[in-house]
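Residue-level listing of the chains:
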Amino acid sequence: MVSNPVQTGLKICCIGAGYVGGPTMAMMALKCPEVTVMIVDISVPRIAAWNSDELPIYEPGLDKVVKACRGKNLFFSTEVDQGIRDADIIFVAVNTPTKKVGMGAGRAADLTYWELAARRIASVAETPKVVVEKSTVPIKTAEAISAVLHGAGKTRFDVLSNPEFLAEGTAMTDLDNPDRVLIGGNMNESGNAAVAKLADVYAHWVPRERILTTNVWSSELSKLVANSFLAQRVSSINAVSAICEASGADVDEVARAVGMDSRIGSKFLKASVGFGGSCFQKDILNLVYLCQSMGLADVAEYFHSVVTMNDRQKERFVSRIIHGLFNTVTGKRIALLGFAFKKDTGDTRESASIEICRRLIEERASVCIYDPKVEADQIWMDLTAATKLDKTEVQKYVTLCDSAYEAALGAHALAIATEWDEFKTLDYDKIQEDMVKPSFVFDGRNVLDHGALRELGYIVYAIGKPLDPKLNTSINC
């Protein structure tokens, strides 16, 4: 039984209406109907989308929750200052991308938006607040934010760390039934009271034994370490996939045998073209930079190898496509199925598809992309950034399609880059009729029936599987 201790009249504000702030606050509003939840953002189009029938992000179950609470105790607004003034608890869920320039570029987190949010709070808040880090941030960020607040005379503000542990595609389930809720605060009377106040909100639906409280630094570090461990498992099984291809072993069989060991478990042992998303690479590089700044060069190198292996996996996949198609893809049509970094999301951040496309464009292939959820503007934005070409140049090599069948029309090869369920049920016999012969399938997610495809006449390459004897392997990948 979960207790119901939330104070009537409590007001919560979340700065940032993105992938973290939107779903998290929507679930909080659903579970705590007597709490008023206000999500604020400076982006007028984004807030307009949250107030419309077409939400700005796709997440299974999110639409239903938002519609159940919006206008009752869940509100979306561009009135940032008013939201800050009215709130008892302020969550900050702004973007913290990897720095692109300056000290720590390519590794350290860019805290520009976080600092701006802290200074905004400091400038407009009129009463003491509990400020909560929801964005993934480096260790000691709470200390820096406290310095900003205290420097503005806000000495009675408490800063907590409350990292999110969501997986896109299952975020609403993760929020509804979390493995744990982690809250870090200062170990003093004021800090303990702030931690208790936030814990009481979560206790509305999360059992107390799953609400963990730590000091603020442990909480900040735990988020980075958790994502690093998960990514490490993906890179480990992807490294094994290379061994499997060279030896004739089957990576799925190896993963099943290894995963049945109760000490290891089966999660995150699915070989693929590589991990993506907003967190894994960013958090690992953040941890690498943290280690380097502390003089822990060997530890930094260890964690950085996880990213190196992930990059290598994407390059290995592209190399298989090139070598399989007789060592050249110039002028050849490649149907790329999937652009999101994983199924059940429209998020493309760090998607393997971006690097696959960049390399195929570099090889002057004709790439035809289909994804059921990713918006066209997002694809063009990602590809122009990755290739450093303008949109007109990119369009010489890339076509966006409305279906997998359209993308495959006249194609030399199909490349599965996202594990969308619909790709499992396509009529591959029909598709092959309109493809160039011999027809190739490069399954970067191991979601297709490879035996059935070979019976239809396809030449198939799958991650970590024994190589198709008809596949050109004259050059080692």
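On a predicted model such as this, the values are computed, not experimentally measured, just so you know. (Residues numbered from 1 in each chain as written. Predicted model: local features only at pLDDT ≥ 70, side-chain atom pairs only at ≥ 80, totals over all residues. Heavy atoms only, no water.)

### Considerations on a negative patch on the surface
Right, so step 1: A cluster of acidic residues, Asp53, Glu54, Glu375 and Asp377, forms a negative patch on the protein surface.
Right, so step 2: Counting through the fold element by element, Glu54 comes out in the loop between α2 (44–50) and α3 (62–69). (Patch = residues over 30% accessible without salt bridge, like charges linked within 9 Å, V, L, I, M, F, W, Y side chains within 5 Å. Areas by Shrake-Rupley, 256 points an atom, 1.4 Å probe, with all protein chains shown as cover. Salt bridge = Lys/Arg side-chain N within 4 Å of Asp/Glu carboxyl O. Lys, Arg positive; Asp, Glu negative; His and termini not counted. Charge placed at Lys NZ, Arg CZ, Asp CG, Glu CD. Helix = DSSP H or I, 4+ residues; strand = E, 2+ residues; numbered from the N terminus.)

### Examining the pattern of salt bridges
Close approach of charged atoms lets side chains of opposite charge pair.
Right, so step 1: The full count for this structure, using the stated rule, is 25 salt bridges.
Right, so step 2: With its nearest N and O atoms 3.3 Å apart, the salt bridge here joins Lys223 to Glu164. Taken together, the positions of Lys223 in helix α9 (residues 216–247) and Glu164 in the loop between β6 (158–161) and α7 (171–176) put the pair 59 residues apart, joining distant regions of the chain.
Right, so step 3: A salt bridge links Asp347 to Arg349; the nearest nitrogen and oxygen atoms lie 2.9 Å apart.
Right, so step 4: Classification of Asp347 as buried rests on a relative accessible area of 3%.
Right, so step 5: Overlapping salt bridges, with partners in common, bring together Glu315, Glu355, Arg358, Arg359, Glu362 and Glu363 in one network. (Buried < 20%, exposed > 50% of the residue type's maximum accessible area, 1.4 Å probe, protein only.)

### Regarding the sheet that holds strand β9 (residues 333–337)
Right, so step 1: The strand order across the open sheet formed by 6 strands is β11-β10-β9-β12-β13-β14, and the pairing between neighbours is parallel. Both edges of this open sheet fall to β11 (398–400) and β14 (459–462), since each of them pairs with a single strand only. Between one strand axis and the next, the sheet turns through 20° on average, direction left out of account.
Right, so step 2: Across 3 bridges, strand β10 (residues 366–370) lies against β11 in parallel orientation. Directly across from Cys368, in β11, lies its bridge partner Thr399.
Right, so step 3: Helix α13 (residues 352–362) contacts β9, β10 and β11 of the sheet and is inclined by roughly 175° relative to β9. (Pairing = 2+ DSSP bridges. Axes fitted to C-alpha atoms, helices over the stretch in contact; angles between N-to-C directions. Contact = heavy atoms within 4.5 Å.)

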